[in-house]
Amino acid sequence: MKSFMKHYKFESSIIFFELLFQNLLLLGSTLITMYMAKLVMEGDLRGILICSAGIMILYLILHLLFWSYDVHLTKVIAKINQAMRENLNHQMLSKSVEQLKKGDSGEYLSWYINDLKEAEEKGIRNFYDAIDEIIKLVLGIIVLGAINWRLLLCTLITTGMVYVLSHRFGNDVKQESEKVSAIWEKFTKAVKEQIGGVRVLKYFGYQDRFQRQIEGESKELEKQRYIYVKTQGKATLKIRGINSVASFVNNMVLFGMCALRVIPAEIFFGGGNLINQVKNSILTLSELRVAMDGARPYFEKINRMAEETEKKKELPMINNEIEFRNLSFAYSEKPVFENLNLKFKVGGKYGIIGKSGSGKTTLLKILLGQLTSYSGELLFDGVDAAVYDTESFYRQMAYIEQNVFLFHTTIRENITLGAEFQKEELEEALRNSALYEDLKSFPQGLDTDVGENGDCLSGGQKQRVAVARALIHKRNILVVDEGTSALDKINAKKIETALLKSKDVTLLFVSHHLEEKDMQKYTNVYCLGEKVAQ
Ligand SMILES: Nc1ncnc2c1ncn2[C@@H]1O[C@H](COP(=O)(O)OP(=O)(O)OP(=O)(O)O)[C@@H](O)[C@H]1O
């Protein structure tokens, strides 16, 4: 958290001055009250009236200051929240596609929703509250010291003890907070999973499974939150217990000094307030410290540096060929293929067939750099692919997966991904993906909203949007993994024909349904396990 707040030194110093001003006015009212005690004893009614009016004016100003402070604090916190989100974005974007696939979107969701909220509530807000308390403490010490150093010394000794001891209670709170954070991730993951599958459960009449799964995770979460609150409560209780003893000692000293006339009677009123100010500040600081210990795990996550990976070269434009040489791959102990030798010439059109589970998708994932633990070689223009940054593969290759992802926005945005294209380029992509005719049936055409994950489009239309997206972004190597499996035959043929015709595109087309007569249109068709045509 410290390193994070350093970036907001300027904002924090303004907050500091706002709080300082507020506290000076509060202190002013305490000193006036102390003076009023003297006036009461002297029976000076006029003085009492003037002092009361002064206190009233001070409080009117103070209420204005409190309001403007709240508004300003909200603005600063919004700025910090935004920066924390940017940190998380950076972490997300620095992950390779392979790492992203290993993670779970529910877990990432929990970072953005739960961890940020906890970091704000337990960390940032408490940090500014702590600044407030430190100012109160310092002002209290200065004025109390000026009134009577013995009183100050006694207060510091007794309440300082509370602060030092509070440190011992913070570690337990931090540990429990770490557990809560982990369980939040698990809970978000489970809820996301169940919401994603709720339709399937309803089709098969397993609504109770939805209930059970969420209930189970929710119970675990609530149990851990309860343990956390209990641990924090215990720590606070111990701190307050020690503080009560400290207060008793302080009161005895104050009453004793007054009774023995070591300090004048009027100081009894104001001095009591000041002792309370110092004592309460130390008590609150102790509690804030424990609460901020609970925020640490969240900041550690938000501040986690993007995983440093060895910086590799960008893949240069592939001009000649892609080759798999003696390629073998296994998922753990399960071999998928061994000593595979395949060549793909740039601009060539290749079909990849083979029975289900023969490794077609796995082969594409290796080509795209998503799986790197293979033996043998993947060569781009004769150079080992391992020397290149796998992220740069995507600047030349577009992958049309079996399950197309669409953003909840218009068809246009899903194709262009927000970039600007000429009208003609867009039309060409629409025609070559066989989407052009479909658009006529949508009243809003390209500006039709596709719904959540493209729910308002048919399976075939979704895949055609993905093909148009790949074509317009002019990736030279198009890797289509049964991308047309959900299309009707006529449209599937249209896309296949268009892709086979496009001169500049190197096509790797994985299919279950390649007909014998169509195989001639391909440069080569590889059957995983055996070679079908040359
Ligand atoms: N992440 C994974 N972990 C473990 N095994 C996997 C994983 N992904 C795939 N497999 C297994 O590897 C084998 C090859 O899978 P792959 O998806 O490459 O086959 P495919 O030829 O594309 O299949 P289909 O035609 O059914 O899509 C299968 O037996 C599959 O169960």
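The structure under discussion appears in the preceding block.
Here is what the cut-offs are and how they apply
Sequence positions are assigned chain by chain, starting from 1 and proceeding in written order. The predicted origin of the model limits local features to residues at a pLDDT of at least 70 and limits the giving and counting of side-chain atom pairs to 80 or more, whereas totals for whole chains, interfaces and linings rest on all residues. Water and hydrogen atoms play no part in the side-chain values, which are based on all heavy atoms of the structure. Proximity is defined per residue: if any heavy atom of the residue lies within 4 Å of a molecule or strand, that residue is considered near it. We define a polar contact as two N or O atoms separated by no more than 3.5 Å, with the added condition that, inside protein, one atom must be a possible hydrogen donor and the other a possible acceptor, whereas residues neighbouring each other in sequence contribute only through side-chain atom pairs. We get accessible surface area from the Shrake-Rupley algorithm with a probe of 1.4 Å; when it comes to residues, only the shown protein chains can shield them. Starting at the N terminus, helices and strands are each numbered in turn, a helix being any DSSP run of H or I of at least four residues and a strand any DSSP run of E of at least two. Only protein chains enter the accessibility calculation, which uses a 1.4 Å probe; a residue whose area is less than 20% of its type maximum is buried, one above 50% is exposed, and one in between is partly exposed. Residues enter a patch when their relative accessible area is above 30% and they make no salt bridge; the linking distance is 9 Å between like charges and 5 Å between nonpolar side chains (Val, Leu, Ile, Met, Phe, Trp, Tyr). Salt bridges are defined as contacts in which a side-chain nitrogen from Lys or Arg sits within 4 Å of a carboxyl oxygen from Asp or Glu. Working definition: a ring pair exists when centres of Phe, Tyr or Trp rings (six-membered ring for Trp) sit within 6.5 Å. Plane angles under 30 degrees give stacked, over 60 give edge-to-face, the rest tilted. Over a ring means this: the NZ of a Lys or the CZ of an Arg is within 6 Å of the ring centre and within 35 degrees of the ring normal. His is not counted here, nor are the chain ends, while Lys and Arg score as positive and Asp and Glu score as negative. Where a charge lies is defined by one atom per residue type: Lys uses NZ, Arg uses CZ, Asp uses CG and Glu uses CD. Pairing between strands is defined by DSSP: at least two bridges between them are needed. Pairs of residues are marked as contacts when any of their non-hydrogen atoms sit within 4.5 Å. Interaxial angle, 0 to 180 degrees, is taken between N-to-C directions of lines fitted to C-alpha atoms, where a helix line uses only the stretch in contact.

**Some details on the site of the ligand**
In the vicinity of the ligand, 14 residues are found, and the nearest of them are Ser 356, Lys 360, Thr 361, Thr 362 and His 512. Contacts to the ligand include Ser 358, whose backbone N or O atom sits 3.2 Å from an oxygen atom. If the ligand stood free it would expose 630 Å²; the protein chains cover 63% of that surface. For the shell around the ligand, the elements supplying multiple residues, two or more each, are β2 (334–345) and α9 (360–367). With three residues, α9 is the largest single contributor of residues to the shell around the ligand.

**Observations concerning unusual backbone geometry**
In this structure, Asn 326 is a non-glycine residue whose phi angle is positive, near 45 degrees. Take Asn 326: it is sitting in strand β1 (residues 321–331). Judged by its relative accessible area of 40%, Asn 326 falls in the partly exposed class. A positive phi angle, near 55 degrees, is found at Leu 417, a position not held by glycine. A relative accessible area of 46% means that Leu 417 is categorised as partly exposed.

**A short note on a nonpolar patch on the surface**
A grouping of Val 245, Phe 248, Val 249, Met 252 and Phe 255 is seen on the molecular surface, where their side chains present a nonpolar patch of about 480 Å² in accessible area. Along the polypeptide, Phe 248 turns up in helix α7 (residues 207–259).

**Overview of the packing of aromatic side chains**
Summed over all chains, the structure comprises twelve aromatic pairs. Relative to Tyr 128, the ring of Phe 127 has its centre 5.2 Å away and its plane inclined at 75 degrees; by these criteria the two rings are edge-to-face. On the numbers, 6.1 Å between centres and 90 degrees between planes, the contact of Phe 324 with Phe 344 is edge-to-face. Of this pair, Phe 324 sits in strand β1 while Phe 344 sits in strand β2, placing them 20 residues apart in sequence. Neither residue differs from the other here; Phe 324 and Phe 344 are each classed as buried. An aromatic cluster of three or more residues is present, and its members are Phe 324, Phe 344, Tyr 350 and Tyr 526. Note that Arg 431 overlies the ring of Tyr 436, its terminal NZ or CZ placed 3.9 Å from the centroid.

**A look at a positive patch on the surface**
A contiguous patch of positive charge on the surface is contributed by Arg 168, Lys 230, Lys 234 and Lys 238. In terms of residue count, α7 provides more of the positive patch than any other element does, three residues in total. Within the element layout of this structure, Arg 168 appears in helix α6 (residues 149–203). A relative accessible area of 63% means that Arg 168 is categorised as exposed.

**A word on the sheet that holds strand β5 (residues 383–384)**
With respect to topology, four strands assemble into an open sheet ordered β2-β1-β4-β5, the strand pairing being antiparallel. Edge positions in the sheet fall to β2 and β5, since each of these pairs with one other strand and no more. Relative to β2, β1 runs antiparallel, the two sharing eight bridges. The residue bridging Phe 324 from the neighbouring strand is Leu 342, located in β2. Contacts from α9 reach β1, β2 and β4 (375–380) within the one sheet, and its direction differs from that of β1 by about 120 degrees.

**Describing the pairing of strand β6 (residues 397–400)**
With burial as the criterion, each face of β6 is covered, one bearing Met 397 and Tyr 399 and the other bearing Ala 398 and Ile 400. As paired elements, β6 and strand β7 (residues 477–481) share four bridges and run parallel to each other. Paired with Tyr 399 across the two strands is Val 479, which belongs to β7.

Honestly, it's all geometry; don't read function into it.
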